[in-house]
Amino acid sequence: MAGYLTRRILGALLVMWAVATLVFFMMRAVPGDPLAAMMFDSGDPAAAEDLRRALGMDVPLVDQYARWLWQLLHGNFGSSIYGSQVPVRQLLAEALPRTLSIAGLSFVVACVIAVPAGIIAAMRKNSPADNALTLVAFLGLSMPDFWFAILLIILFAANLQWLPAIGYSPMSEGFWPWLSHLIMPAIAAGTTFSAIIARMIRSSMIEVLKTDFLRTARSKGLLTWRILLVHALPNALIPVVTVMGIALALMLAGTVVVENVFAIKGLGRTLIEGILNRDYPVVQGAILAVSAIFIGANLVVDVLYTIIDPRIRYS
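Residues numbered from 1 in each chain as written. Predicted model: local features only at pLDDT ≥ 70, side-chain atom pairs only at ≥ 80, totals over all residues. Heavy atoms only, no water.

Peer 1: Run through the side chain of D279, naming residues and quoting values.
Peer 2: Tracing the backbone through its elements, the reader meets D279 in the loop between α12 (267-277) and α13 (280-308). No salt bridge is formed by the buried D279; the nearest opposite charge belongs to R28, separated by 8.6 Å. There is a polar contact of 2.5 Å between the side chain of D279 and the side chain of S80. When near neighbours in sequence (up to four residues on either side) are disregarded, D279 contacts S80, I81, Y82 and G274. (Helix = DSSP H or I, 4+ residues; strand = E, 2+ residues; numbered from the N terminus. Buried < 20%, exposed > 50% of the residue type's maximum accessible area, 1.4 Å probe, protein only. Lys, Arg positive; Asp, Glu negative; His and termini not counted. Salt bridge = Lys/Arg side-chain N within 4 Å of Asp/Glu carboxyl O. Polar contact = N/O pair within 3.5 Å; in protein donor to acceptor, adjacent residues only side chain to side chain. Contact = heavy atoms within 4.5 Å.)

Peer 1: If you had to explain the environment of A122 to someone new, which residues and values would you point to?
Peer 2: For A122, the position within the fold is in helix α5 (residues 88-123). Classification of A122 as buried rests on a relative accessible area of 6%. The sequence separation of A122 and I201 amounts to 79 residues, and the corresponding C-alpha distance is 7.9 Å. Beyond its immediate chain neighbours, meaning those up to four positions away, A122 contacts R202, M205, I206 and L209.

Peer 1: Which residues make up the domain arrangement of the protein chain, and what values go with them?
Peer 2: Interface extent is often summarised as the accessible area lost during association of the parts. Assigned domains within the protein chain: domain 1 (15-88) and domain 2 (89-312). Here the C-alpha centroids of domain 1 and domain 2 sit 36 Å apart. Counting from both sides, the interface comprises 25 residues of domain 1 and, opposite them, 18 residues of domain 2. Contact between domain 1 and domain 2 buries roughly 2100 Å² in total, counting both sides, with carbon and sulfur atoms accounting for 70%. Ranking the residues of domain 1 by area buried against domain 2 places M16, M27 and V88 at the top, with a combined share of 31%. (Domains from an automatic or database assignment. Buried area = accessible area lost by both parts, 1.4 Å probe.)

Peer 1: Give a description of the nonpolar core that names residues and reports values.
Peer 2: Counting 43 residues, the largest nonpolar core has I197, M205 and L267 as its most contacted members. Mapped by element, the contributors of at least two residues to this core are α1 (2-29), α5, α8 (175-209), α9 (212-219), α10 (224-253), α12 and α13. The two domains that each donate at least three residues to this core are domain 1 (15-88) and domain 2 (89-312). Those residues in contact with L267 that sit more than four places away from it in its chain are L92, A95, L96, T99, E259, A286, A289, V290 and I293. Membership of the second largest hydrophobic core comes to 20 residues, among which are F148, A149, A186 and A188. (Core = buried A, V, L, I, M, F, W, Y, C linked by side-chain atoms within 4.5 Å.)

So, in structure tokens, the structure goes:
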């Protein structure tokens, strides 16, 4: 197991280096000069050249790449080339907790909805309850995040005034202010994934419920809840955990729409602003963070396999 994890971590570092290199050169291959656009109002070419020199962008591209990679190896992501040139590490440190909060709560919402819905649908296969849950799942899959988010704002913020419509409050300012700002974003982002996970649990549970060892469990007179939760569900979780891992990574990396609707400056919004401004260091840092999230989620899923099913061994 230790050897497998070491190989996976080394492979992950290689993938992150490849992603970072591609992003570095692709950003600079886009036509246009961000510094010239930034200094357009001043109309002073000498000032643009001074800024280019100050940011180290006056040297050949290969030298810029070597310098950036060396800084990256020392944990330095560089500084934003816009505004007050805030360090990228600071921007990521501010954005990540917001994105992690939204994604974590969204994952909880998705699981709370999906697990019971999937089990009930599998137990009542082809019944009215199964058909109703299937219909709700398809509605959840076809409902755009931004539209559902706007509906939530209209209902719970504008009409009922139970929750704040926009913004984010850090945990340091209190648990309820933090939670109240995240309930609607979490529901909006988690509903779609709950439909996907519920469908996966249903199909996996149906296959497991047909197996001989569950027939034996029923013939021994075990309680239904014990058969389902202790014997059937753990054996149905292997494909479900794969989907859950992908869903969690997509939630972490794909909350751009929800963050924009609720005016929360998380990782996705920081990345979009960096792309629009052609702020190279911010884009490179944000994409590195996103790739690390995806790779980390896949690694966690692989480890969970061995916990759920001890027969799985990595050599």
